[in-house]
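Overview (structure and organization)
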Amino acid sequence: MAIDSEVLVVGGGLAGVTSAIAAARAGADVRLVSYKQSSLRQASGLIDVLGYVGDEVVVDPYDAIPELHEDHPYRLVGVETVRDAMALFDETVDGYHGDHTETNALLPTHGGTVKPTARYPAGAAEGVASDDRDTLLVGFERLVDFDAPLAASHVEAAGAPFSADGVTITFPGDLQADAKVTRYAKLLDQNSPVAVDGRKVDTRSALAQRVASHLDGHERVGFPAVLGDDHTDAVRATLAEELGVAVFEVPMGPPSLPGLRLEDRLFEALDRSGARYEVGNPVVDYEGEDRIERVVVERNGSRVPYSADQYVLATGGLVSKGVESDREGVREPIFDCHVPHPGDRYDWFEDGVFDDHAFARFGVDVGSDLRPRGASGSVEFENLRAAGATIGGYDFAAEKSGSGVSIATGYAAGRAATEDLT
């Protein structure tokens with residue numbers, strides 16, 4: 001017997017969760033199935049709507065969307081849908097800044113670049129690059145992913161309106177050389193006493209003491225984004241109080257604590273919406289021709305059918321294996337949806353690292369209704385929509401648009417699936 005729902009979302013990333021929340025809030029009976037945990041833990045935790053059009057930095061993403069080509073996902077769903085989708089994000093995910101303006105903020109990153117972004121965690125708010133307060137960046141000896149002095153020099157070279165310096169210190173406490181970022185966060189969450197000059201001092205206070213001697217007039221301090229997980233606001237507040245300056249987190253590369261925190265908030269919102277979900281079992285097949293009747297989920301070696309009236313495909317792109325490639329071509333592996341691509345593999349890429357590579361835009365071809373289309377342009381399944389990085393036709397890395405496209409198309413697919421329920 002098949003496991004039934006009205007809307008079945010395949011994929012547990014930002015697009016899939018947004019789609020499930022949107023459909024559930026519209027009144028549908030929703031189930032989400034995902035093979036593995038979200039790729040959000042590999043992301044910065046920032047929500048980028050549109051940072052660049054070509055080489056130009058975008059100030060207002062909504063004003064810039066009409067400049068994009070007509071098959072771009074934003075043009076397909078429309079500017080107002082993008083606004084509505086971001087409003088849903090703002091309603092369901094707390095602890096983020098940027099919801100009171102349509103313009104991008106500029107934030108320094110762990111590499112020292114200054115990045116335009118639309119929404120950013122509260123922990124990063126004191127670090128915006130438009131703020132002219134002098135800044136000290138602090139790195140930890142064994143956390144090699146963040147070279148604070150180098151990042152500070154890059155931030156200054158990028159034209160930031162403040163003076164930036166960097167220092168590397170030893171993190172207080174018993175840490176192995178290869179300690180994960182979650183270990184740093186846990187020590188700060190627990191705030192257990194550590195030995196400092198023969199006496200016991202709480203971890204947060206010990207960290208503040210090691211930074212204090214380097215302040216030298218700086219008005220704010222940026223740490224790598226490891227300032228707690230369960231109690232990040234309290235960790236940041238304690239450090240700010242003891243140092244007497246503003247404290248912020250610098251967005252990091254993977255694995256990312258802000259990404260993990262965002263994932264937690266999204267799944268909490270999914271719970272509140274009433275949608276059901278399960279993680280760890282892949283969709284391996286489907287039944288149907290012009291219309292999907294059911295999908296097959298592999299669970300503990302068994303093939304379990306799941307049926308729904310409407311389906312949303314949000315399994316990600318090439319990185320997440322929602323789109324696959326080999327010497328024979330490029331394909332979407334579950335429903336075998338058409339993925340446009342050059343026949344000659346040498347046309348998939350250009351010579352320069354930062355050139356305009358075709359593979360960066362690989363994904364399922366969809367129309368304005370987000371239904372996948374075949375090579376002839378006809379709809380492949382009347383009750384299937386695609387969302388997020390599964391969709392082709394845009395370069396999210398170059399545009400800094402990945403999160404926004406996932407939210408906008410996820411929202412649009414979820415709402416449209418609900419409206420089409422029979």
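Just so it is clear, the structure is predicted and the values come from calculations on it, not from any experiment.

Calculation rules
Residues numbered from 1 in each chain as written. Predicted model: local features only at pLDDT ≥ 70, side-chain atom pairs only at ≥ 80, totals over all residues. Heavy atoms only, no water. Pairing = 2+ DSSP bridges. Helix = DSSP H or I, 4+ residues; strand = E, 2+ residues; numbered from the N terminus. Axes fitted to C-alpha atoms, helices over the stretch in contact; angles between N-to-C directions. Left-handed = near helix turned anticlockwise from the far one by under 90°. Contact = heavy atoms within 4.5 Å. Nonpolar A, V, L, I, M, F, W, Y, C, P; charged D, E, K, R; others polar. Domains from an automatic or database assignment. Buried area = accessible area lost by both parts, 1.4 Å probe. Salt bridge = Lys/Arg side-chain N within 4 Å of Asp/Glu carboxyl O. Polar contact = N/O pair within 3.5 Å; in protein donor to acceptor, adjacent residues only side chain to side chain. Core = buried A, V, L, I, M, F, W, Y, C linked by side-chain atoms within 4.5 Å. Buried < 20%, exposed > 50% of the residue type's maximum accessible area, 1.4 Å probe, protein only. Right-handed = clockwise from strand over helix to strand, strands pointing away.

Moving on, we get to the pairing of strand E12 (residues 199–202). Bridging between strand E11 (residues 193–196) and E12 involves four bridges; their strand directions are antiparallel. Residue Val196 lies in a different strand from E12, and its bridge partner there is Arg199. Linkage of E11 to E12, two consecutive antiparallel strands, is achieved through a turn of two residues, within which Asp197 is found at a positive phi near 50°.

Take the environment of Leu14 next. With respect to the secondary-structure elements, Leu14 resides in helix H1 (residues 14–25). Each C-alpha atom, one on Leu14 and one on Ala387, is 9.6 Å from the other, the two residues being 373 residues apart in sequence.

A separate point is the packing of H1 against helix H11 (residues 402–419). Relative orientation of the contacting elements H1 and H11 amounts to 35°, with a least axis distance of 7 Å. Between H1 and H11 lies a crossing whose hand is right-handed. Taken together, the residues of H11 that come into contact with H1 (itself represented by Leu14, Ala15, Thr18, Ser19, Ala22 and Ala23) are Ser403, Ser406, Ile407, Gly410, Tyr411, Ala413, Gly414, Arg415 and Thr418. Of the residues assigned to the contact of H1 with H11, the class counts are seven nonpolar, seven polar and one charged.

Once that is clear, we can look at the domain arrangement of the protein chain. Annotation of the protein chain at the domain level lists domain 1 (3–97 + 259–420) and domain 2 (110–250). Distance from the C-alpha centre of domain 1 to the C-alpha centre of domain 2: 34 Å. At the interface, 19 residues of domain 1 touch 18 residues of domain 2. When domain 1 packs against domain 2, close to 1,500 Å² is buried across both sides, 54% of that on carbon and sulfur atoms. Of all residues in domain 1, the largest losses of buried area upon contact with domain 2 belong to Leu46, His97 and Arg261, amounting jointly to 45% of the total for that side. For the interface between domain 1 and domain 2, the tally reads three salt bridges. Between Glu249 and Arg261 there is a salt bridge; the shortest N-O distance is 2.7 Å. Linking domain 1 to domain 2 there are 10 residue pairs in polar contact (both at pLDDT 80 or more). Split by residue class, the side of domain 1 that touches domain 2 holds 10 nonpolar, five polar and four charged.

On to the sheet that holds strand E13 (residues 220–224), then. Read across the open sheet, the four strands follow the order E10-E9-E13-E14; overall the sheet is parallel. Strands with a single pairing partner mark the edges of an open sheet, and in this sheet they are strand E10 (164–169) and strand E14 (246–250). Averaged over all neighbouring strand pairs, the angle between strand axes comes to 25°, with direction disregarded. Inspection of the sheet shows E13 paired to E14 by five bridges, in the parallel sense. Looking at the pairing, Phe223 lines up with Glu249 of E14.

It is worth spelling out the nonpolar core at this point. Among the nonpolar cores identified, the biggest contains 77 residues, and Val30, Tyr74 and Phe335 are the most heavily contacted of them. The leading source of residues in this core is H1, at eight residues. Leaving out residues up to four positions away in the same chain, Tyr74 has contacts with Asp48, Val49, Leu50, Ile65, Leu68, Val79, Val82, Ser401, Gly404, Val405 and Ala408. Leu143, Phe223, Leu227 and Val245 belong to the second largest nonpolar core, which has 29 residues in total.

As a further point, take the side chain of Thr109. With respect to the element layout, Thr109 can be found in the loop between strand E6 (105–108) and strand E7 (114–117). In this structure the side chain of Thr109 is engaged in a polar contact, spanning 2.6 Å, whose partner is the side chain of Thr113. When sequence neighbours within four positions are dropped, the list of residues in contact with Thr109 reads Lys115, Val250 and Pro251.

Right, let's get into the pairing of strand E1 (residues 3–10). Bridging between E1 and strand E18 (residues 302–313) involves seven bridges; their strand directions are parallel. Bridge pairing in E18 places Asp4 opposite Ser307. Summarising the sheet, E1 and strand E2 (residues 30–34) pair through four bridges and their orientation is parallel. Each residue of the ladder has a partner; that of Val9, found in E2, is Leu32. Crossover connection from E1 via H1 to parallel E2: handedness right-handed.

Attention now moves to the side chain of Asn383. With respect to the helices, strands and loops of the structure, Asn383 is situated in the loop between strand E20 (329–331) and strand E21 (384–386). By relative accessible area, which is 0% here, Asn383 ends up buried. Within polar-contact distance, the side chain of Asn383 engages the backbone nitrogen of Ile292 at 2.9 Å. Those residues in contact with Asn383 that lie beyond four places of it in its chain are Arg291, Ile292, Asp309, Gln310 and Tyr311.

Bringing unusual backbone geometry into the picture now. Following Pro254, the chain continues into Pro255 via a peptide bond in cis, with omega recorded as -10°. Within the secondary structure, Pro255 sits in the loop between E14 and helix H9 (257–273). A positive phi angle, near 55°, is found at Asn300, a position not held by glycine. Within the element layout of this structure, Asn300 appears in the loop between strand E17 (292–299) and E18.

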